[in-house]
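Listed below are the residues making up each chain.
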Amino acid sequence: MPGFELFGDIEREQVNDVLESGVLMRYGFDGMRNGHWKAKELENEIQNIFQVNHAQLVSSGTAAISVALASAGVGAGDEVIMPTFTFVASFEAVMMLGAIPVLVEIDDTLALNPESVLQAITDKTKAVMVVQMCGGMGEMDVLKDICIEHNLILIEDACQAIGATYKNSALGSIGDLGCFSFDFVKTITCGEGGAVITNNKDYYLHADHYSDHGHDHIGNDRGAECHPFLGYNFRISELHAAVGLAQIKRLPEIINIQKKNYTVIREALSKVPEITFRRTPEGGEENYSFLSFFLPDIESSLKVSQALKACGIDGCFQYYNNNWHYLRNWDHLKDFKSLYPISKEVKSGLKYLKSKSYPKSDYYIGRNISCLIKLSWTEEEVIKRASKMVEIIKSSL
Ligand SMILES: *Cc1c(COP(=O)(O)O)cnc(C)c1O
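Analysis parameters
- Residues numbered from 1 in each chain as written.
- Predicted model: local features only at pLDDT ≥ 70, side-chain atom pairs only at ≥ 80, totals over all residues.
- Heavy atoms only, no water.
- Axes fitted to C-alpha atoms, helices over the stretch in contact; angles between N-to-C directions.
- Helix = DSSP H or I, 4+ residues; strand = E, 2+ residues; numbered from the N terminus.
- Left-handed = near helix turned anticlockwise from the far one by under 90°.
- Contact = heavy atoms within 4.5 Å.
- Nonpolar A, V, L, I, M, F, W, Y, C, P; charged D, E, K, R; others polar.
- Core = buried A, V, L, I, M, F, W, Y, C linked by side-chain atoms within 4.5 Å.
- Buried < 20%, exposed > 50% of the residue type's maximum accessible area, 1.4 Å probe, protein only.
- Domains from an automatic or database assignment.
- Pairing = 2+ DSSP bridges.
- Polar contact = N/O pair within 3.5 Å; in protein donor to acceptor, adjacent residues only side chain to side chain.
- Phe/Tyr/Trp six-rings, centres within 6.5 Å; stacked < 30°, edge-to-face > 60°.
- Lys NZ or Arg CZ within 6 Å of the ring centre and 35° of its normal.
- Near = heavy atom within 4 Å.
- Areas by Shrake-Rupley, 256 points an atom, 1.4 Å probe, with all protein chains shown as cover.
- Salt bridge = Lys/Arg side-chain N within 4 Å of Asp/Glu carboxyl O.
- Buried area = accessible area lost by both parts, 1.4 Å probe.

Draft legend 1. Summary view of the packing of helix α2 (residues 38–50) against helix α8 (residues 238–248). At a minimum axis separation of 8 Å, α2 and α8 run at an interaxial angle of 35 degrees. The chirality of how α2 crosses α8 is left-handed. Residues K38, A39, E41, L42, E45, I46, I49 and F50 of α2 pack against E238, A241, A242, G244, L245 and I248 of α8. The residue inventory of the contact of α2 with α8, partitioned by class, reads nine nonpolar, one polar and four charged.

Draft legend 2. Looking closely at the nonpolar core. Residues I46, L269 and F293 are the most contacted members of the largest nonpolar core, which totals 126 residues. Examining the composition of this core, we find that eight residues originate from one element, helix α9 (residues 251–270), more than from any other. If you count residues domain by domain, this core takes at least three from each of domain 1 (3–250) and domain 2 (252–396). Leaving out residues up to four positions away in the same chain, L269 has contacts with I275, F277, L291, F293, M389, V390 and I393.

Draft legend 3. Up close: the sheet that holds strand β12 (residues 290–294). As summarised here, the arrangement of the four strands in space is β10-β12-β14-β13, forming an open sheet in which the pairing is antiparallel. This sheet does not close on itself; its edge strands, each paired only once, are β10 (276–277) and β13 (316–317). Relative to strand β14 (residues 368–372), β12 runs antiparallel, the two sharing five bridges. Of the residues in β14, the one forming a bridge with S292 is S370. Together, β10, β12 and β14 form the strand contacts of helix α14 (residues 359–367), whose direction differs from that of β14 by roughly 50 degrees.

Draft legend 4. Layout of the environment of E11. Relative to the elements of secondary structure, E11 occurs in helix α1 (residues 9–21). A residue is classified by how much of its surface remains accessible, and E11, at 0% relative accessible area, is buried. Sequence separation of E11 and I255 is 244 residues, and the distance between their C-alpha atoms is 18 Å. Setting aside residues no more than four positions away along its own chain, E11 makes contact with L6, V243, A246, Q247 and R250. Of the polar contacts made by the side chain of E11, one reaches the side chain of Q247; its length is 3.0 Å.

Draft legend 5. Summary view of the packing of aromatic side chains. Taken as a whole and assessed by the stated rule, the structure comprises 14 aromatic pairs. Note on Y262 and Y288: the rings are 4.9 Å apart at their centroids and 75 degrees apart in plane angle, and the pair reads as edge-to-face. You can see Y262 sitting in helix α9 and its partner Y288 sitting in the loop between β11 (284–285) and β12, a full 26 residues away along the chain. Here the aromatic cluster, defined as three or more aromatic residues joined through ring pairs, consists of F85, F290, F317 and Y319. For the cation-ring pair, R328 lies above Y320, with the distance from its terminal atom to the ring centre recorded as 3.8 Å. Stacked on the ring of Y363, the Lys or Arg R367 has its end atom at 4.2 Å from the ring centre.

Draft legend 6. Local environment of the site of the ligand. What surrounds the ligand is a group of 15 residues, the closest being G61, T62, S181, D183 and K186. G61 is positioned such that a nitrogen or oxygen atom in its backbone is 2.7 Å from an oxygen atom of the ligand. Side-chain polar atom of S181 to an oxygen atom of the ligand: 2.7 Å apart, as the coordinates give it. In isolation the ligand has 380 Å² of accessible area, and contact with the protein removes 94% of it. Considered class by class, the residues forming the shell around the ligand number six nonpolar, six polar and three charged.

Draft legend 7. Here's a closer look at the pattern of salt bridges. This structure, assessed with the given rule, holds 20 salt bridges. In this structure, the salt-bridge partner of D183 is K186, at a minimum N-O distance of 3.2 Å. Each member of the pair, D183 as well as K186, carries the same accessibility label: buried. The partner of D212 in a salt bridge is R235, with the nearest N and O atoms 2.8 Å apart. One end of the pair, D212, is in the loop between α7 (201–210) and α8; the other, R235, is in the loop between α7 and α8, with 23 residues separating them in the sequence. It is possible to trace a salt-bridge network through shared partners that takes in D107, D108, E139 and R279.

Draft legend 8. Local environment of the domain arrangement of the chain. Examined at the domain level, the chain breaks down into domain 1 (3–250) and domain 2 (252–396). Each of domain 1 and domain 2 has a C-alpha centre, and these two points are 24 Å apart. Between domain 1 and domain 2, the residue contacts involve 47 residues of the former and 46 residues of the latter. Buried surface at the junction of domain 1 and domain 2, both sides included, amounts to about 3800 Å², of which 63% is carbon and sulfur. Inspection of the domain 1/domain 2 interface yields four salt bridges. Here D107 makes a salt bridge to R279, at a shortest N to O gap of 3.7 Å. Of all elements in the fold, only α4 (88–95), β3 (100–104) and β6 (165–166) reach the threshold of two or more residues within the side of domain 1 that touches domain 2. Ranked by residue count, the leading element in the side of domain 1 that touches domain 2 is β3, at five residues.

Draft legend 9. Examining α8 more closely. A large share of α8 lies buried, amounting to nine of its eleven residues. The N-cap of α8, judged by a side-chain oxygen 3.3 Å from the amide nitrogen of L239 a few residues on, is S237.

If you want it as structure tokens, here you go:
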């Protein structure tokens, strides 16, 4: 997954363009910037590569989710259906708007279980957020149909799935709005950064204004611009955008290397009869940033993950007891540990979290191991790693 493994001359060159003029901000200062508009350029690249009409860069993936939700009018008291397996960021992003995250089960795609989404819909539901975990994806056609039928907004948290596709469409471009993260460990990085993509012009204009204090960005006198509605500052800087501009040109190269390394390891693990793989919906192609597989039961999965770690095979995640990606260890959220008061509406809307059990999610996450695919491995290292993994797994079962 990590674009940070490839940082070199093209990134430095882009950053130097910005350093030479000293215009570190994405808006204004037209005369001083030597014609460099890195954020604008990166937005254009994103539109071309992911085939969407609009892209709005922001300061992080978390910000992208909040901005996307706000742009579609999701706010106080609205329920957002999302999966138990995610990154805590997607939960936080919903909370920030005073909306209520409604966690539902996942399935063997490691994404939303459509049946559980249907069961969770109430008259307060405003949006469904599918989180495309570990480079894969949910059942997009099914989820899309559910949202159309129930008049819900479909948001894609595609922060971990940059470059993956479903029926030839880029993940992120399938829902009403899609979100990317360019933090330091994502497929491509800006250092910190994120993007909202959409084909809906109104949502785009909302995202553009909302992420910059409500500025309407009309004319070229920032101080004289109007503010049609409340906004905040989720801007990306020119320096960050410059890094991203270099990185996005490497995306095909990054996906190719990941695919090559992933395939070697997958083929080796396929020979272990106890292993099954994360399901990719028909018509989907993951971005190969992780290889995700299942063992027969939670005991063997925990045992294998410990053995891999002990033998120096790093980057293999068993999420059942993970603090950041699975709700089991989110006591701070279940107990409303917040620096400031949380609204009564959200508190009562989230009460279910303390007692609700998620047997299906436990079944999949308990048995899953997701191994990070690195770009820097040599062919020899991947082959060695694959056979070592097989050996360790076999002897742990
Ligand atoms: C990384 C990530 C985010 C948040 O992105 P940041 O840029 O780190 O704020 C959100 N959702 C998922 C699934 C992620 O992996």
